[in-house]
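Remarks on the overall topology
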Amino acid sequence: MTKTSASIICSDFLDLKKDIELLEKGGIDLIHIDIMDGHFVPRLGIFPEIITSIKSITDVPLDVHLMVERPLDWLPILFKIRPEYISVHTESTKHLDYVIRTIKENKIKAGVVINPATSIRVIDYLVDDLDMVALMAINPGIVGHKLIPLMMEKIKRLAKYREKHKGHFLIEVDGGVTFESGLKMVEAGADILVCGSSTIFHQDKPLDIKIKELKKVLEK
C-alpha cells in the first residue's frame, strides 16, 4: 500500500499543533521534514528545535530530508531526535557511503535523495544498505517549480533497477505530487509520496479530509 508523507514545511506554523492533529486524524503515514541550509539549496527549512517539538506531540514517524552541504554535521542532532528516516542528497557529500553507514549504525533507516539531473546509477555500490531512495521530481528548494515530466520515466527506471539488483529500498517521490500525478507515480513504482500544497495543505477542505480523499485515489 502506498504511503503518504506530509511535507510539514507547507503547514500553518501559527497553528502547527492543529495541523499535526489533522494529519493524524487523516491517517498520514509519515511527516516529511525538510532541513535546508541556504547553501545546498537557496532557502532555509525546518530548524531542529521545531523538529523536537513535533516529535514530542505525535507518534507519526518522521521522514527527514537533508538538503545541506555538510550532512554529517547534522547527524548528531538528528540521532537525539530519532526520526524514522534520514535521507541525504547524493550530490551533497563525497563520502556518501560513510554517511549512510553512520545513520544505520545508529539504528535509523537511511535513504538517499537524487536530483532530477543525477543518474540513479549513483547508488550502484549502496543498494544493499539503503532503506529508501527519494527521487526529486522538481528542482529542490526552489519555490513554485512544477513537476518535471521526464521524472515519471525515472520512477519506472528506478523500479526496474530495484528489481534487477534485488534492492529492498522504498521509492519515495518528492515534488509535483497532485491527485492526478500521484496516481501515475504509484503506477510507475513509487511507494511513498511527499504531499504538500498541491495535494493536502491550503486546499478547499481540511487536511484530514484531503488525506483520506488522496488515499482513496491511490487505492484505485
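Coordinates for the structure precede this section.
A few points on the structure. Note that the coordinates shown come from a computational prediction; the quantities given were computed from them, not determined experimentally.

Along any regular strand the residues' side chains alternate between the sheet's two faces. Burial within strand β3 (residues 62-67) is extensive, with six of its six residues counted as buried. Of the two faces of β3, the one holding Leu-62, Val-64 and Leu-66 and the one holding Asp-63, His-65 and Met-67 are both buried throughout. In this sheet, β3 lies alongside strand β2 (residues 30-36) in parallel orientation, the contact comprising six bridges. Looking at β3, one finds that Asp-34 is bridged to His-65. Handedness of the crossover joining β2 and β3 through helix α2 (residues 48-57): right-handed. Pairing geometry for β3 and strand β4 (residues 85-89), over four bridges, is parallel.

Let us look at helix α5 (residues 151-164). With 14 residues, α5 should cover 20 Å at 1.5 Å per step; its first-to-last C-alpha distance of 20 Å lies within 8% of that length. Taken together, the buried positions of α5 are occupied by Met-151, Met-152, Lys-154, Ile-155, Leu-158, Ala-159, Tyr-161 and Arg-162. Buried residues in α5 make contact with β5 (109-114), β6 (132-136), β7 (170-174) and α6 (179-188). Following α5 by one or two positions, Lys-166 has its phi on the positive side, about 55 degrees.

Our focus in this paragraph is the packing of helix α3 (residues 71-81) against helix α4 (residues 96-105). Running from N to C, α3 and α4 cross one another at 10 degrees; their axes reach a closest spacing of 11 Å. What the angle tells us is that α3 and α4 run roughly parallel. Contacts between α3 and α4 involve Leu-72, Leu-75 and Phe-79 from the former and Tyr-98, Val-99, Thr-102 and Ile-103 from the latter. For the contact of α3 with α4, a count of residues per class yields six nonpolar, one polar and no charged.

Our focus in this paragraph is the sheet that holds β6. Spatially, the eight strands close up into a barrel ordered β1-β2-β3-β4-β5-β6-β7-β8, and their pairing is parallel. Averaged over all adjacent pairs, the angle separating strand axes in this sheet is 25 degrees, with direction ignored. Examined bridge by bridge, strand β1 (residues 3-7) and β2 share three bridges and lie parallel to one another. Note that in β2 the partner of Ser-5 across the bridge is Leu-30. Contacting β4 and β5, α4 runs over the sheet at an angle of about 150 degrees to β5.

This paragraph deals with the pattern of salt bridges. One pass over the full model with this rule turns up 13 salt bridges. Residue Asp-73 is joined to Arg-70 by a salt bridge in which the shortest nitrogen-to-oxygen separation is 2.6 Å. Each of Asp-204, Lys-205, Lys-210 and Glu-213 takes part in one network of salt bridges that share partners.

Before going further, it helps to spend a moment on unusual backbone geometry. Notably, Lys-107 is not glycine yet its phi reads approximately 60 degrees, a positive angle. Tracing the chain through its elements places Lys-107 in the loop between α4 and β5. In this structure Lys-107 comes out as exposed when scored by relative accessible area, which is 72%. One non-glycine residue, His-202, adopts positive backbone phi at about 60 degrees.

About the cut-offs
- Residues numbered from 1 in each chain as written.
- Predicted model: local features only at pLDDT ≥ 70, side-chain atom pairs only at ≥ 80, totals over all residues.
- Heavy atoms only, no water.
- Buried < 20%, exposed > 50% of the residue type's maximum accessible area, 1.4 Å probe, protein only.
- Helix = DSSP H or I, 4+ residues; strand = E, 2+ residues; numbered from the N terminus.
- Pairing = 2+ DSSP bridges.
- Right-handed = clockwise from strand over helix to strand, strands pointing away.
- Expected span 1.5 Å × (residues − 1).
- Contact = heavy atoms within 4.5 Å.
- Axes fitted to C-alpha atoms, helices over the stretch in contact; angles between N-to-C directions.
- Parallel < 35°, antiparallel > 145°, perpendicular 65-115°, else oblique.
- Nonpolar A, V, L, I, M, F, W, Y, C, P; charged D, E, K, R; others polar.
- Salt bridge = Lys/Arg side-chain N within 4 Å of Asp/Glu carboxyl O.

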